[in-house]
Amino acid sequence: VQLQASGGGLVQAGGSLRLSCAASGRTFSRYGMGWFRQAPGKEREFVATISGSGGSTYYADSVKGRFTISRDNAKNTVYLQMNNLKPEDTAVYYCATSSLYAIATMTSSYDYWGQGTLVTVSS
């Protein structure tokens, strides 16, 4: 299984970015997907998750109302639309594919991870 994340970059506070993660190597629609992030000196934290069908989503409180996770099963791709970005959103963002069909917030539920894409939000 391979996951290729893209879309990171430098943006000013209040701006938007859209991350993409293309998956290959397993039947994409059978598994939940998630986005996590890791800021310098901090542990990796959960951001958002989506079920295999896309019918269920769940967000960390810190991004709720600003970020939207979605997926296109025909393209084997999951997205993270990030609006109203804040400096505290600065981190390396990782996509991951879960071993479950349903949504999941724990890193232990995810068995494959992408390489990460850096998001930097300037104040």
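(A) Local environment of the state of the cysteines. Within this structure, the stated rule accounts for 1 disulfide. Each disulfide pairs two cysteine sulfurs, and for C21 the partner residue is C95, the sulfurs being separated by 2.0 Å. Note on the C21 and C95 pair: the S-S dihedral is about 60°, so by sign convention the disulfide is right-handed. With C21 in strand β3 (residues 17–24) and C95 in strand β9 (residues 91–98), this pair connects stretches of sequence that are 74 residues apart.

(B) A look at unusual backbone geometry. A positive phi angle, close to 55°, is found at N76, a residue other than glycine. With respect to the secondary-structure elements, N76 resides in the loop between β7 (67–72) and β8 (77–82). Within the chain, N84 stands out as a residue other than glycine whose phi angle is a positive 50°. In this structure, N84 sits in the loop between β8 and β9. The class for N84 is partly exposed, based on a relative accessible area of 41%.

What counts and what doesn't
- Residues numbered from 1 in each chain as written.
- Predicted model: local features only at pLDDT ≥ 70, side-chain atom pairs only at ≥ 80, totals over all residues.
- Heavy atoms only, no water.
- Disulfide = S-S within 2.5 Å.
- Helix = DSSP H or I, 4+ residues; strand = E, 2+ residues; numbered from the N terminus.
- Buried < 20%, exposed > 50% of the residue type's maximum accessible area, 1.4 Å probe, protein only.

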